[in-house]
Amino acid sequence: MDLRIKGKAALVCGANRGLGLAAAASLVREGARVILAARTQAALEQAADGLHRTSGADVGFFAVDLSQPDQVTALAEYALRNLGQVDILVNNAGGPPFGTFLEFGDADWLAAFHLNLLSAVRLTKALLPGMMERKWGRIINLTSIAVRQPIDGLILSNAVRAAVHGWAKTLSNEIAVNGITVNNVMPGWTLTDRVRQMTQARAEQTGRAEAEIVADFAAAIPMKRMGQPEDLGELVSFLASEQAGYITGASIPIDGGWAKGVA
């Protein structure tokens, strides 16, 4: 299927590895012009080089701490300067630390708020006017299945990512008339570095082997396997496509059936 986004300009955050890199790779394969954003310069260089070697495309990158408003502004300016415009924005940031309610103070809550909610708010605000002027845009937020079914030990993420969904749904209604869609993608248990960190933490807490814990995660999924980043990448490209132009305000799980709710 031709998704008709060849030549479209995309900015993908958290794109040096894992889910963000998979989303960027899928967009590159579809012919989009892509800039990667993440914290670590060396990892971004490696990711961009890997995409160039596999696709032949020139992929830009920009090192940024998305929790810092001045750096978000600099990222938006870089993307507009180098791409000319941004048609597709993939908001994605690393998750807050693991822990329980009494372990966290105000500083932890504010840090999670800035990283996972305000980063998306600020970047969208910087790039939305151009989308509105052109009457076309795709804003895709990578969140978590924990928004639908909270995960123990992830209280910061559970709370703040739910706030992203409230903001995104309201925004989608405000700008739908401009030909711009806003959707959320909710990955479940996927083999990323963050899940590996969680597995290591649980192994240390329980004295069990990491392989056993991964097997437990997989056993709880109806498909009996963990997700792969590439599973999510293809969904992001579809939501960025012309064919998905009538899908907005949606929160789509990609979890192998793990979440038990019907809505």
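Coordinates for the structure precede this section.
Residues numbered from 1 in each chain as written. Predicted model: local features only at pLDDT ≥ 70, side-chain atom pairs only at ≥ 80, totals over all residues. Heavy atoms only, no water.

Draft legend 1. Here's a closer look at the layout of surface pockets. The space that makes up the largest pocket amounts to roughly 910 Å³. In terms of lining, the largest pocket is formed by 38 residues, of which the most central are Asn92, Ala93, Gly94, Gly95 and Arg194. Of the residues forming the lining of the largest pocket, the biggest block, 6 residues, is contributed by helix H6 (residues 193–206). In terms of residue class, the lining of the largest pocket is built from 16 nonpolar, 15 polar and 7 charged. A volume near 210 Å³ is recorded for the second largest pocket. As for the second largest pocket, its lining consists of Phe98, Gly99, Thr100, Glu103, Asp152, Gly153, Leu154, Met198, Ala201, Arg202, Gln205 and Thr206. For the lining of the second largest pocket, a count of residues per class yields 4 nonpolar, 5 polar and 3 charged. (1 Å grid on protein atoms, 1.4 Å probe; cavity = no way out; pocket = protein on both sides within 12 Å on 5 of 7 lines; lining within 4 Å. Points joined across faces, edges and corners; volume = space filled by probe spheres on them. Helix = DSSP H or I, 4+ residues; strand = E, 2+ residues; numbered from the N terminus. Nonpolar A, V, L, I, M, F, W, Y, C, P; charged D, E, K, R; others polar.)

Draft legend 2. Seen up close, the pattern of salt bridges. Throughout the structure, instances matching the rule amount to 9 salt bridges. The shortest N-O distance in the salt bridge between Arg225 and Asp231 comes to 3.3 Å. Among the residues examined, Arg225 registers a relative accessible area of 39% and is labelled partly exposed. Residue classification places Asp231 among the partly exposed positions, given a relative accessible area of 31%. Three or more residues joined by partner-sharing salt bridges are found here, namely Arg17, Asp193 and Arg196. (Salt bridge = Lys/Arg side-chain N within 4 Å of Asp/Glu carboxyl O. Buried < 20%, exposed > 50% of the residue type's maximum accessible area, 1.4 Å probe, protein only.)

Draft legend 3. Looking closely at empty space enclosed by the protein. Tallying each qualifying case throughout the model produces 1 cavity of 30 Å³ or more. By volume, the largest cavity is sized at about 110 Å³. Taken together, 13 residues form the lining of the largest cavity, with Asn91, Asn92, Ala93, Asn116 and Ala120 sitting closest to its centre. The set of elements that each furnish at least two residues to the lining of the largest cavity consists of helix H4 (106–134), strand E5 (137–142) and helix H5 (155–175). Residue contributions to the lining of the largest cavity peak at 3 residues, all from H4.

Draft legend 4. Summary view of helix H8 (residues 229–239). By the burial criterion, the buried members of H8 are Pro229, Leu232, Gly233, Leu235, Val236, Ser237 and Leu239. Along its buried surface, H8 packs onto helix H1 (18–29), strand E4 (88–91), E5, strand E6 (180–187) and strand E7 (251–254). (Contact = heavy atoms within 4.5 Å.)

Draft legend 5. Structural view of the environment of Ser251. Residue position: Ser251 is located in strand E7. According to the relative accessible area criterion, Ser251 is partly exposed, its value standing at 26%. Sequence spacing of Ser251 and Val28 is 223 residues, and the spatial spacing of their C-alpha atoms is 24 Å. Aside from chain neighbours lying at most four places away, what touches Ser251 is Arg148, His165, Asn184 and Met186. Separated by 3.0 Å, the side chains of Ser251 and His165 make a polar contact. At 3.0 Å, the side chain of Ser251 forms a polar contact with the side chain of Asn184. (Polar contact = N/O pair within 3.5 Å; in protein donor to acceptor, adjacent residues only side chain to side chain.)

Draft legend 6. Region of interest: the packing of aromatic side chains. Tallied over the entire structure, the rule returns 3 aromatic pairs. Ring geometry for Phe62 and Tyr78: centres 4.9 Å apart, planes at 40 degrees, overall tilted. Taken together, the positions of Phe62 in strand E3 (residues 60–63) and Tyr78 in helix H3 (residues 69–83) put the pair 16 residues apart, joining distant regions of the chain. Tyr78 matches Phe62 in its accessibility class, with the two residues each being buried. Here the aromatic rings of Trp189 and Trp258 are separated by 6.2 Å at their centres, their planes lie at 90 degrees, and the arrangement is edge-to-face. Within this pair, whereas Trp189 is found in the loop between E6 and H6, its partner Trp258 is found in the segment after E7, the two being separated by 69 residues in sequence. The pair formed by Trp189 and Trp258 is uniform in burial state, with each residue classed as buried. Site record: aromatic cluster; members linked through ring pairs are Trp189, Phe217 and Trp258. Its guanidinium or amino end placed over the ring of Trp136, Lys8 lies 3.9 Å from that ring's centre, counting from NZ or CZ. (Phe/Tyr/Trp six-rings, centres within 6.5 Å; stacked < 30°, edge-to-face > 60°. Lys NZ or Arg CZ within 6 Å of the ring centre and 35° of its normal.)

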